Amino acid sequence: MVPEREKRRDDSRAVVIVPVFKRARAVDATGPVARSDEARLAEAIGLARAIDLDVVHSAIVAVAQPKPGTLLGTGKIEEISAALDASDAGLVIVDHPLTPVQQRNLEKEWNAKVIDRTGLILEIFGRRASTKEGTLQVELAHLNYQKGRLVRSWTHLERQRGGAGFMGGPGETQIEADRRLLQERIVRLERELEQVRRTRQLHRAKRKKVPHPIVALVGYTNAGKSTLFNRITGAGVLAEDMLFATLDPTLRRMKLPQGRTVILSDTVGFISDLPTHLVAAFRATLEEVLEADLILHVRDMSDPDNGAQAGDVLRILADLGIDEKDGAERILEVWNKIDDLPPEARDALVQKAGATPNTIAVSALTGEGVDKLLDEVNRRLSGVLVDRDVVLPVDKLQLLPWLYDHSIVDEREDLEDGSVRITVRLTETEAGELDRRLGHGARRPLEDWE
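Just so we're clear, the structure is a prediction, and the values are computed from it rather than from any experiment. (Residues numbered from 1 in each chain as written. Predicted model: local features only at pLDDT ≥ 70, side-chain atom pairs only at ≥ 80, totals over all residues. Heavy atoms only, no water.)

Another aspect to go through is the overall build of the protein chain. For the protein chain, the count of helices and strands is 17 helices and 13 strands. Counting only residues that meet the buried cut, the protein chain has 50% of its 450 residues in that class. Counting every atom, the protein chain has about 21300 Å² of accessible surface; 50% of that belongs to carbon and sulfur. (Helix = DSSP H or I, 4+ residues; strand = E, 2+ residues; numbered from the N terminus. Buried < 20%, exposed > 50% of the residue type's maximum accessible area, 1.4 Å probe, protein only. Areas by Shrake-Rupley, 256 points an atom, 1.4 Å probe, with all protein chains shown as cover.)

Attention shifts here to the nonpolar core. In this structure, Val16, Ile93 and Leu317 are the most contacted members of the largest nonpolar core, which totals 42 residues. Put simply, the parts of the chain that give this core at least two residues each are strand E1 (13–21), helix H2 (37–49), strand E3 (91–94), helix H5 (117–128), strand E5 (214–219), helix H11 (283–290) and helix H12 (306–320). Beyond its immediate stretch of four places on either side in the chain, Leu317 contacts Val218, Phe270, Val289, Ile322 and Ile331. Membership of the second largest hydrophobic core comes to 23 residues, among which are Met254, Val334, Val370 and Val377. (Core = buried A, V, L, I, M, F, W, Y, C linked by side-chain atoms within 4.5 Å. Contact = heavy atoms within 4.5 Å.)

So, about helix H16 (residues 399–406). Of all the residues in H16, the buried ones are Leu399, Leu400, Trp402 and Leu403. Buried residues of H16, seen end-on, are gathered within an arc of 160° and therefore sit on one face of the element. Close packing links the buried residues of H16 with strand E11 (386–392), strand E12 (408–414), strand E13 (420–426) and helix H17 (428–438). (Arc of directions from axis to C-beta.)

Now for the environment of Gln195. Topologically, Gln195 is positioned in helix H8 (residues 179–209). For Gln195, a relative accessible area of 39% gives the class partly exposed. Residues Gln195 and Glu133 lie 62 residues apart in sequence; the distance between their C-alpha atoms is 10.0 Å.

Let us now look at the sheet that holds strand E9 (residues 331–336). Taken in spatial order, the six strands make up an open sheet running E6-E7-E5-E8-E9-E10, and their pairing is mixed. Two strands lie at the open edges of the sheet, namely strand E6 (250–255) and strand E10 (359–361), each paired on one side alone. For this sheet, the mean angle separating the axes of adjacent strands, direction not counted, is 25°. With respect to the sheet, H12 is in contact with E5, strand E8 (294–300) and E9, its orientation differing from that of E8 by roughly 155°. Strands in contact with helix H14 (residues 343–355) are E9 and E10; relative to E10, the strand with the most contacts, it is inclined by about 155°. (Pairing = 2+ DSSP bridges. Axes fitted to C-alpha atoms, helices over the stretch in contact; angles between N-to-C directions.)

Another aspect to go through is the sheet that holds E12. Sheet architecture is open: three strands sit in the order E11-E13-E12, paired in antiparallel fashion. A single partner strand is all that each edge strand has here, and the edge strands are E11 and E12. Neighbour-to-neighbour, the strand axes of the sheet open up by a mean angle of 15°, direction not taken into account. Note that E11 and E13 share seven bridges and pair antiparallel. Counterpart to Val390 in the pairing with E13 is Ile422. Here H16 sits on the sheet in contact with E11, E12 and E13, set at roughly 25° to E13.

The subject of this paragraph is the pattern of salt bridges. Going through the model one piece at a time under the given rule, you end up with 17 salt bridges. We note a salt bridge from Arg185 to Glu139, for which the minimum N-O separation is 3.1 Å. With Arg185 in helix H8 and Glu139 in helix H6 (residues 132–146), this pair connects stretches of sequence that are 46 residues apart. Between Glu376 and Arg379 there is a salt bridge; the shortest N-O distance is 2.7 Å. Taken as a pair, Glu376 and Arg379 lie in helix H15 (residues 370–381) at a separation of three residues, close to a single helical turn. Several salt bridges converge on common partners, so that one network encompasses Arg40, Glu43, Asp95 and Arg117. (Salt bridge = Lys/Arg side-chain N within 4 Å of Asp/Glu carboxyl O.)

Inspection of the secondary structure assignment puts Asn306 in helix H12. At 2.8 Å, the side chain of Asn306 forms a polar contact with the backbone oxygen of Asp303. Beyond its immediate chain neighbours, meaning those up to four positions away, Asn306 contacts Arg299, Asp300 and Met301. (Polar contact = N/O pair within 3.5 Å; in protein donor to acceptor, adjacent residues only side chain to side chain.)

Contact geometry of H2 with H5 gives a least axis separation of 9 Å together with a crossing angle of 40°. Considered as vectors, H2 and H5 are oriented oblique to each other. For H2 against H5, the interelement crossing comes out left-handed. Packed against H2, whose contacting residues are Glu43, Ala44, Leu47 and Ala48, the element H5 presents Arg117, Leu120, Ile121 and Ile124 at the interface. Class assignment of the residues belonging to the contact of H2 with H5 gives a composition of six nonpolar, no polar and two charged. (Parallel < 35°, antiparallel > 145°, perpendicular 65-115°, else oblique. Left-handed = near helix turned anticlockwise from the far one by under 90°. Nonpolar A, V, L, I, M, F, W, Y, C, P; charged D, E, K, R; others polar.)

Looking now at the confidence of the model for the protein chain. Overall, the prediction assigns the protein chain a mean pLDDT of 78, with 75% of residues at 70 or greater. Taken together, the stretch residues 26–31 has pLDDT below 50 and engages in one contact with residues farther than four places along the chain or on a different chain. Confidence drops under a pLDDT of 50 for residues 169–176, and excluding neighbours within four residues, the segment shows 20 contacts in the predicted structure. (pLDDT = per-residue confidence, 0-100.)

In a packed pair of helices, the relevant descriptors are the angle between the two axes and the axis-to-axis distance. Contact geometry for helix H9 (residues 225–233) and H15: axes closest at 11 Å, N-to-C directions at 80°. Between H9 and H15, the interaxial angle falls into the category roughly perpendicular. Across the interface between the two elements, Leu228, Arg231 and Ile232 of H9 pack against Val370, Leu373 and Leu374 of H15. Split into classes, the residues belonging to the contact of H9 with H15 amount to five nonpolar, no polar and one charged.

This part is about H2. Structurally, the α-helix is built with 3.6 residues per turn, so residues lying three or four positions apart point the same way. For H2, with 13 residues, the first-to-last C-alpha span of 19 Å sits near the 18 Å given by 1.5 Å per residue. All of the buried residues in H2 are Asp37, Arg40, Leu41, Glu43, Ala44, Ile45, Leu47 and Ala48. (Expected span 1.5 Å × (residues − 1).)

Shown next as structure tokens:
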């Protein structure tokens, strides 16, 4: 007879638990925005469902004093074990970082696979990465995370699943079995990512030669960035009501209604307690945000927890080097999903956005407020100017009044043959108009940035 505990092997059925520590709760209560325990649980369930797991049980677990060996107390461990028995689940997701020892001990206690918040996010990123760059970044983050977690007790499950993520484990390469091979692979990945960084720098340098301003979309995961991106550019980026529906960055060239050309960048969604492994691995991608002339911070205003989510995004931006003072000049808040609000709440939010500096209320789904957003983007980018040094021949001197009206004249020199050398700063659109008036024709267009 096989013991009942040994029969539980269905790791597609998951139990999700959110540990809540009394001391941390007291600290959060004094902060400007407290994240509710229910919101944390809902987010953890959403993360699990994002990789097609069947969440059969979920719970908020109060922890008076964290245990070094298991994080949870004996009573809570027994409660969760009973839930596993009742649901025939083979996977437990703990929405909190676990040490390798804690993870191993909990797996022994529950006779089930255990992953923490970091492991779950890494698994999602592994599923979502579609480009070579994204795959490299996820694998590097995953291997750094796995360094201290070379636990072999669940290898038979991992071989069955395969794949490149955490739950896929060492099925295809057995890399966790040998720390030396693991470190060698990490070094190779870091070299390949360094080449990615150099390539991105070359792309940015090429874009600066034809200086279109860059507008970056940032925000908490599932805030509607990709939907807004598609609404503005007409692109076909995957946009679903799912956490981390898109991972790889996408850039598109577009024209604002006033004729100005900009490059719009859709970045990976942020999330609270973003694993440091991911922040480090995705720095090459997130550098697009640092280079942006304008950052659109997209917020899901239909989410009751949007205030805490906004705080998480701003903290990550600060970690990237965009401080509060710099952010006030470069960040424009986009209050999204107003179509999901009741009419009275929606009208009040739109009115509040109108009275709040650097804020626009929109619905990326219906298009409401998007025209106003684009007008504000155009107004904000009017400060991004192009330097031009031109010589006006005698038959083009009638352009002088136009230049004084449409640009900032830094220097003028009247030459002996009657022509005028003039150094000006003007917008990219006006620079194109100047070329047209001078008869230089259209400038070589940018390639489409994929």
